[in-house]
Amino acid sequence: MPDPTARDRIDVGPVQLSLLNLPAPPAVEETGDRYADGRPLTWHLVFAPRGPLVLGRDRRLVRLESGSVVLWEAAEPLRLHAGTSAGSCPVRALVLHLPEEAVPLPGEALRTVAGRPVSTGSGPAALLASFVLGLATNVPSAEERHTAWLGTAAVNLATAFLESETALLQGGRTEPGPAEPLPTCAQPTASASDLLLRGIKTYIEHHLHDFDLSLASIAAANHISLRYLHHLFQRNGRTVGAYLRERRLEHCRAELSDPTEARRSVCEIARRWGFRDPAVFNRTFKSVYGVTPGAYRRQRLRS
């Protein structure tokens, strides 16, 4: 892995990667937000391959031990300095800069996990950290045509990690901190293909309203072949088209059951979720739920 003596910021498709070596305290490294001035903000995933590392200023300080990662909020300047126990060795930090528009998670969810250090010893955090360390080593020599794919993979892995942390907090569970041993019965680590599939499903969820969403466009947006896209879904016993149709129908069904959507016509709801042809929507809905959309709405609103 490279050992830069100064900040080295690399463009990797939709993201950027900063490689930092901080001398012993009290050296400080402050990164500006290139997405300021009305452009999208940037979230920062800060990794400490060699710590300790301290982020923030004044009363908002977060200590990051070796082998841990933390999400830093987009609205706050990213100020880093070496921890007091760093000794004479330089503290190494890696920062993955994620434009807000590239992360398919709401800002409210991201803010719940921001500022909470997480061990990179297992699970999505381990996969993400390993990938980012690999980027730091190999991106400078990678072919330019590959960097967009690598950047998209980084976004997908980061999304999987952040979504898993959000789920942990929402479920009221806790995860061992950086200094705590992992439980002996820890869950198996998700594979890279599982994380990629999760990222693709997130992409589909955010583009259901798009009439032009197709298997080819999904594959292209995630920088994989159409054949591999089919392979990922077939491992779970379903086709991509079936999953896409299922998610659109489920959103339509929910809105047809919602009294606050009663003024919106069935056709409007169908078009809102990507069904261009009302006749096709009626047939598809009836084949799944056993009744027409209009009949379903009447039954649900009466009850």
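Just so it is clear, the structure is predicted and the values come from calculations on it, not from any experiment.

Draft legend 1. Representation of the overall build of the protein within the structure. Across its full length, the protein carries ten helices and ten strands. Within the protein, the proportion of its 303 residues that are buried is 42%. Carbon and sulfur atoms form 52% of the exposed surface of the protein, whose accessible area is close to 15500 Å².

Draft legend 2. Region of the structure containing the packing of aromatic side chains. Overall, the coordinates contain six aromatic pairs when judged by the stated rule. Consider the rings of Phe-285 and Tyr-296, whose centres lie 5.5 Å apart with planes at 70°: the pair is edge-to-face. Note that Phe-285 is positioned in helix α9 (residues 278–289) and Tyr-296 in helix α10 (residues 293–302), a separation of eleven residues in sequence. Both residues of the pair, Phe-285 and Tyr-296, count as buried.

Draft legend 3. Spotlight on the pairing of strand β7 (residues 68–72). Counting buried positions along β7 yields five of five residues, so the element is predominantly enclosed. The side-chain alternation of β7 yields two buried faces, one formed by Ser-68, Val-70 and Trp-72 and the other by Val-69 and Leu-71. Here strand β4 (residues 42–50) runs beside β7; their pairing, made up of five bridges, is antiparallel. Bridge pairing in β7 places Val-46 opposite Val-70. Where β7 meets strand β10 (residues 118–119), two bridges bridge the pair, whose relative direction is antiparallel. When the bridges of β10 are listed, Ser-68 appears paired with Ser-119.

Draft legend 4. Structural context of the packing of helix α7 (residues 240–256) against α9. Relative orientation of the contacting elements α7 and α9 amounts to 90°, with a least axis distance of 11 Å. Here α9 runs roughly perpendicular to α7, going by the angle between their axes. Across the interface between the two elements, Arg-245, Leu-249, Glu-250, Cys-252, Arg-253 and Leu-256 of α7 pack against Phe-281, Thr-284, Phe-285, Val-288 and Tyr-289 of α9.

Draft legend 5. How the structure looks around the nonpolar core. In this structure, Leu-45, Phe-47, Leu-96, Leu-98 and Leu-162 are the most contacted members of the largest nonpolar core, which totals 33 residues. Elements represented by at least two residues in this core include exactly β1 (8–12), β2 (15–22), β4, β7, β9 (91–99), α1 (107–113), α2 (123–138) and α3 (144–170). If one sorts the elements of this core by residue count, α3 sits on top with seven residues. Not counting residues within four places of it along the chain, the set of residues in contact with Leu-162 comprises Leu-45, Leu-71, Val-103, Leu-105, Leu-110 and Val-113. By size, the runner-up hydrophobic cluster in this structure holds 26 residues, among which are Leu-196, Leu-229, Phe-233 and Tyr-243.

Draft legend 6. Spotlight on the side chain of Thr-284. For Thr-284, the position within the fold is in helix α9. Among the residues examined, Thr-284 registers a relative accessible area of 14% and is labelled buried. With residues near it in sequence (within four places) discarded, Thr-284 still touches Arg-245 and Leu-249.

Draft legend 7. Expanded view of the pattern of salt bridges. Per the stated rule, a full pass over the model turns up nine salt bridges. The partner of Glu-65 in a salt bridge is Arg-63, and the shortest N-O contact between them spans 2.6 Å. Glu-65 gets classed as partly exposed once you look at its relative accessible area, which sits at 32%. Of the residues examined, Arg-63 reaches a relative accessible area of 36% and is grouped as partly exposed.

Draft legend 8. Helix α6 (residues 226–234), seen in detail. Buried within α6 are the following residues: Leu-229, Leu-232 and Phe-233. Taken end-on, α6 shows its buried residues confined to a sector of 90°, consistent with a single buried face. In this structure, α6 carries Arg-227 and Gln-234 as exposed residues pointing more than 90 degrees from its buried face.

Draft legend 9. Geometry of the environment of Glu-100. Checked against the element boundaries, Glu-100 lands in the loop between β9 and α1. Separated by 59 residues in the primary sequence, Glu-100 and Leu-41 place their C-alpha atoms 5.6 Å from one another. Once residues within four sequence positions are removed from consideration, Glu-100 is found in contact with Leu-41, Thr-42 and Trp-43.

Draft legend 10. Summary view of the side chain of Ser-68. Topologically, Ser-68 is positioned in strand β7. Among the polar contacts listed, one links the side chain of Ser-68 to the backbone oxygen of Glu-65, at a separation of 2.4 Å.

Definitions and cut-offs
Residues numbered from 1 in each chain as written. Predicted model: local features only at pLDDT ≥ 70, side-chain atom pairs only at ≥ 80, totals over all residues. Heavy atoms only, no water. Helix = DSSP H or I, 4+ residues; strand = E, 2+ residues; numbered from the N terminus. Buried < 20%, exposed > 50% of the residue type's maximum accessible area, 1.4 Å probe, protein only. Areas by Shrake-Rupley, 256 points an atom, 1.4 Å probe, with all protein chains shown as cover. Phe/Tyr/Trp six-rings, centres within 6.5 Å; stacked < 30°, edge-to-face > 60°. Pairing = 2+ DSSP bridges. Axes fitted to C-alpha atoms, helices over the stretch in contact; angles between N-to-C directions. Parallel < 35°, antiparallel > 145°, perpendicular 65-115°, else oblique. Contact = heavy atoms within 4.5 Å. Core = buried A, V, L, I, M, F, W, Y, C linked by side-chain atoms within 4.5 Å. Salt bridge = Lys/Arg side-chain N within 4 Å of Asp/Glu carboxyl O. Arc of directions from axis to C-beta. Polar contact = N/O pair within 3.5 Å; in protein donor to acceptor, adjacent residues only side chain to side chain.

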